[in-house]
Amino acid sequence: MEELQRALQDRGLTVTGLPEKGRCLYTTKDFYPGEVIISQEPYVCVPNNSSSISRCDGCFASSNLKKCSACQVVWYCGSNCQKLDWKLHRLECQVLSRLDKEKRKSVTPSIRLMLKLYLRRKLQNDNVIPSTTTDNYSLVEALVAHMSDIDEKQLLLYAQMANLVNLILQWPEISIKEIAENFSKLACNAHTICDSELRPLGTGLYPVISIINHSCLPNAVLVFEGRLAVVRAVQHVPKGAEVLISYIETAGSTMTRQKALKEQYLFTCTCPRCIKLGQFDDIQESAILEGYRCKDDGCSGFLLRDSDDKRFTCQQCGLVRSKEEIKKIASEVNILSKKTLALTSCGNHQEVVSTYKMIEKLQKKLYHPFSVNLMQTREKLIKILMELEDWKEALAYCRLTIPVYQRVYPQFHPLLGLQYYTCGKLEWFLGDTENAIKSLTKAVEILRITHGTNSPFMKELILKLEEAQAEASYKLSSKDE
């Protein structure tokens, strides 16, 4: 711990233990928006490979892959990634190669992550891979497992997974109990590795980053540059303040957020947003984000359930909606949602679009205009319409989501920046250069804070904006002539 403190001190950080929160990361200097607070390579990581997609174990690329000929489990994009990973994969390859074909199918990304955890520990103990102050197994040992908070069903699952790991490794010195505890640590502490557009690629364990606590109103954001985890300030973080990131999707009611945190991370959040639970402001926000709309299209009020539990009353104009009417529309939405799943699996994209449009039409009658459910339906429509290259309609739905994003996310949130980016790309493609510049400018203003400016993604985005500005300037000069 002392060595870690010394290493963090050089970066303007310190670890402090608090009885109610455990370990916390505090600043010993000021950090400003866009400034990197801390970054770390993973102790171990794996791509989220499945039957439908495979990724390189080194860089998570999904093209030009070749499977390891010995273990038939791991993929690489080329010799460079394979060489860099060889010291660790050599041991993993040996244990995986002992398994028959059927057993190899049960080696999920979670099982591989645990195998790599123990294999890396062995390599560091044997001095094959160097240990450093911020890269050693003792940091993993210090992570919280929350074993006493886990229900019996989950404990049984961890025991079964631990048994499989034990069977693969065949190391008598490690117990099933220890492995099960480490699975619990991974569940609470591992991070989903995403690309610059926040699409999930894999899972990694970053023991120092894991010290950072959660807030639904964070002052920092975690993004990834390849496998490197980077935490940047999204506001001024003064000297002596705790560094806080969000572990979950924060666009939702306090009850929804609390439920997600309790189920995944086994704690109750007491951030400034969550302590308002039950207060009028919180009830209003929850009713807008996840509740129902007023029957009067011209009213922006929100509904609250009456004490008799038979109707909902608009808190702005007093109009009433019956519970039966709301249940009827909700039931229709539910039936159509199930239909989209069946149509998607059949690959009938046009029919999927038509069904989602019906859902959106019903949801507009049911939910408040700032509803998260309505926003998510429009997100699905944007994705499918872009796949179908229906750029015009995709843009129309993208523009509808922007006001909701502005409401549910803080000023410097990567998802808000990325939505402006999508809007700007579509506008430019459709020849609306003026609006494309506005959207791309807003995207750059946000994403240069959350992502920095050195990643290939950000360089491409800034180049797109410059090209759009040059095009607009050329059009203007042509008009003058």
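The numbers attached to residues start from 1 for each chain and follow its sequence in the written order. Local features in a predicted model are, by the rule used here, given only for residues with pLDDT of at least 70; side-chain atom pairs are given and counted only at 80 or more, and totals for whole chains, interfaces and linings are based on all residues. Excluding hydrogens and water, the side-chain figures rest on all heavy atoms present in the structure.

A. Structural view of the overall build of the protein. From N to C terminus, the protein includes 16 helices and 15 strands. Note that the radius of gyration is over C-alpha atoms, with the globule rule given as 2.2 Å times the number of residues to the power 0.38. Its C-alpha atoms give the protein a radius of gyration of 25 Å, near enough to 23 Å, the size a compact globule of 481 residues would have. The dimensions of the protein, computed from C-alpha atoms along their principal axes, are 70 × 70 × 55 Å. Per-residue accessibility, obtained with a 1.4 Å probe over protein chains only, is compared with the maximum for each type, and a residue is labelled buried under 20%, exposed over 50%, and partly exposed between these values. Evaluated residue by residue, the protein yields a buried proportion of 47% over its 481 residues. Carbon and sulfur atoms make up 52% of the accessible area of the protein, which amounts to about 24,500 Å² in all. On the protein, the mean spot of the 62 positive side-chain charges and the mean spot of the 56 negative ones are 4 Å from each other. Helix and strand definitions here come from DSSP, where helices need a minimum of 4 consecutive H or I residues and strands a minimum of 2 consecutive E residues; each element is numbered from the N-terminal end. Each accessible area value is a Shrake-Rupley result obtained with a 1.4 Å probe; residue values ignore everything except the protein chains displayed when judging cover. Under the counting rule used here, the positive set is Lys and Arg, the negative set is Asp and Glu, and His together with the chain ends is not counted. Note that the charge is assigned to NZ on lysines, CZ on arginines, CG on aspartates and CD on glutamates.

B. Expanded view of the sheet that holds strand E13 (residues 303-305). Strands are labelled as partners when DSSP assigns at least two bridges between them. The strand order across the open sheet formed by 3 strands is E13-E14-E15, and the pairing between neighbours is antiparallel. With one partner strand each, in any of the chains shown, E13 and strand E15 (320-322) form the two edges of the open sheet. With direction set aside, neighbouring strand axes in the sheet form an average angle of 30°. Two residues form a contact once any of their heavy atoms are found within 4.5 Å. Only the stretch in contact is used when fitting a helix axis, every axis being a line fitted to C-alpha atoms; angles between N-to-C directions are given from 0 to 180 degrees. Sheet strands touched by helix H10 (residues 323-346): E13, strand E14 (311-314) and E15. Its angle to E15, the strand with the most contacts, is close to 60°.

C. Spotlight on the packing of H10 against helix H11 (residues 349-366). It is the contact of H10 with H11, at a shortest axis distance of 9 Å, that shows an interaxial angle of 160°. As far as their axial angle goes, H11 and H10 are roughly antiparallel. The handedness of the crossing between H10 and H11 is left-handed. Residues Ile-326, Ile-329, Ala-330, Glu-332, Val-333, Leu-336, Ser-337, Lys-339, Thr-340, Leu-343 and Thr-344 of H10 pack against Glu-351, Val-352, Thr-355, Tyr-356, Met-358, Ile-359, Leu-362, Gln-363, Lys-365 and Leu-366 of H11. Following the grouping adopted for this structure description, the nonpolar residues are Ala, Val, Leu, Ile, Met, Phe, Trp, Tyr, Cys and Pro, the charged ones are Asp, Glu, Lys and Arg, and the polar ones are all others, Gly among them. Split into classes, the residues belonging to the contact of H10 with H11 amount to 12 nonpolar, 5 polar and 4 charged. Comment on the angle field: the value is read as roughly parallel under 35 degrees, roughly antiparallel over 145, roughly perpendicular from 65 to 115, and oblique elsewhere. Helix crossings are classified by the rotation of the near helix relative to the far one: an anticlockwise turn of less than a right angle makes the crossing left-handed, while a clockwise turn makes it right-handed.

D. Quick look at the environment of Ala-187. Looking at where Ala-187 falls in the secondary structure, it is placed in helix H7 (residues 176-189). The spatial distance from the C-alpha of Ala-187 to the C-alpha of Gln-264 is 7.2 Å, given a sequence separation of 77 residues. When near neighbours in sequence (up to four residues on either side) are disregarded, Ala-187 contacts Tyr-158, Gln-264 and Tyr-265.

E. A look at the state of the cysteines. When two cysteine sulfur atoms are found within 2.5 Å, that pair is recorded as a disulfide. Enumeration over the complete set of coordinates arrives at 0 disulfides. Left without a disulfide partner, Cys-188 is nearest to the cysteine sulfur of Cys-269, which lies 15 Å away.

F. Broad picture of the sheet that holds strand E3 (residues 36-40). Taking strand neighbours across the sheet as the criterion, the 3 strands line up as E3-E11-E10 in an open arrangement whose pairing is antiparallel. What marks the edges here is a single partner per strand, and that holds for E3 and strand E10 (220-225). Between one strand axis and the next, the sheet turns by 20° as a mean value, whatever way the strands run.

G. Local environment of the side chain of Gln-419. With respect to the secondary-structure elements, Gln-419 resides in helix H14 (residues 414-429). The contacts of Gln-419, once residues within four sequence positions are left out, are Glu-379, Ile-382, Cys-398, Thr-401, Ile-402 and Tyr-405.

H. Highlighting empty space enclosed by the protein. Every definition here rests on a 1 Å grid over the protein atoms only: cavities are sets of points where a 1.4 Å probe fits but cannot get out, pockets are open sets enclosed by protein on both sides within 12 Å along at least five of seven lines, and lining residues have some atom within 4 Å of a point. Grid points are joined across faces, edges and corners, and a volume is the space filled by probe spheres set on the points. Evaluation of the coordinates by the stated rule reveals 1 cavity of 30 Å³ or more. Considered as a void within the structure, the largest cavity measures approximately 30 Å³ in volume. Looking at the largest cavity, the residues that line it are Ser-196, Val-223, Phe-224, Glu-225, Arg-232, His-451 and Ser-455. With 3 residues, the single largest contributor to the lining of the largest cavity is E10. Among the residues making up the lining of the largest cavity, the classes are represented as 2 nonpolar, 3 polar and 2 charged.

I. Region of interest: the side chain of Gln-124. By the secondary structure assignment, Gln-124 is in helix H4 (residues 109-125). Taking the relative accessible area as the measure of exposure, Gln-124 reaches 5% and is therefore buried. Polar contacts involving the side chain of Gln-124 include one to the main-chain carbonyl oxygen of Pro-130, which spans 3.3 Å. Between N or O atoms, a polar contact is any pair within 3.5 Å; within protein, one atom must be a potential hydrogen donor and the other a potential acceptor, and residues adjacent in sequence are included only when both atoms are from side chains.

J. Local environment of the environment of Leu-84. Note that Leu-84 resides in helix H2 (residues 79-97). A residue is classified by how much of its surface remains accessible, and Leu-84, at 71% relative accessible area, is exposed. The spacing of Leu-84 and Gly-58 is 26 residues in sequence and 7.5 Å in space, taken between C-alpha atoms.

K. Expanded view of the pattern of salt bridges. Note on definitions: salt bridges are taken to be side-chain nitrogens of Lys or Arg within 4 Å of carboxyl oxygens of Asp or Glu. All told, the structure shown has 28 salt bridges when counted by the stated rule. Here Arg-112 and Glu-92 are joined by a salt bridge, their closest N and O atoms 2.6 Å apart. Here Glu-92 lies in helix H2 and Arg-112 lies in helix H4, a separation of 20 residues in the sequence. When sorted by exposure, Arg-112 lands in the same class as Glu-92, which is buried. Measuring nitrogen to oxygen at the nearest pair gives 3.2 Å for the salt bridge that ties Asp-432 to Arg-399. Of this pair, Asp-432 sits in the loop between H14 and helix H15 (433-450) while Arg-399 is found in helix H13 (residues 391-408), placing the two residues 33 residues apart along the sequence. Overall, the relative accessible area of 25% leaves Asp-432 in the partly exposed class. Put simply, Asp-57, Glu-92, Arg-112 and Lys-116 are held in one network by salt bridges that share partners.

L. Just helix H1 (residues 2-9), in detail. Of the residues making up H1, those classed as buried are Leu-4, Ala-7 and Leu-8. All buried residues of H1 lie within an arc of 95° about the axis, which places them on one face of the element. What points out from H1, more than 90 degrees from its buried face, is the exposed set Glu-2, Glu-3 and Gln-9. Relevant arc is that of directions from the helix axis to the C-beta atoms, nothing else.

M. Fine view of the packing of H14 against H15. One can describe the packing of H14 onto H15 by two numbers: an axis separation of 7 Å at closest approach and a directional angle of 155°. Classified by the angle their axes make, H14 and H15 are roughly antiparallel. Relative to H15, H14 is oriented so that their crossing is left-handed. Along the contact surface, H14 presents Pro-414, Leu-416, Gly-417, Leu-418, Tyr-420, Tyr-421, Cys-423, Gly-424, Lys-425, Glu-427 and Trp-428, while H15 presents Thr-433, Asn-435, Ala-436, Ser-439, Leu-440, Lys-442, Ala-443, Ile-446, Leu-447 and Thr-450. A breakdown of the residues in the contact of H14 with H15 according to their chemical character gives 12 nonpolar, 6 polar and 3 charged.

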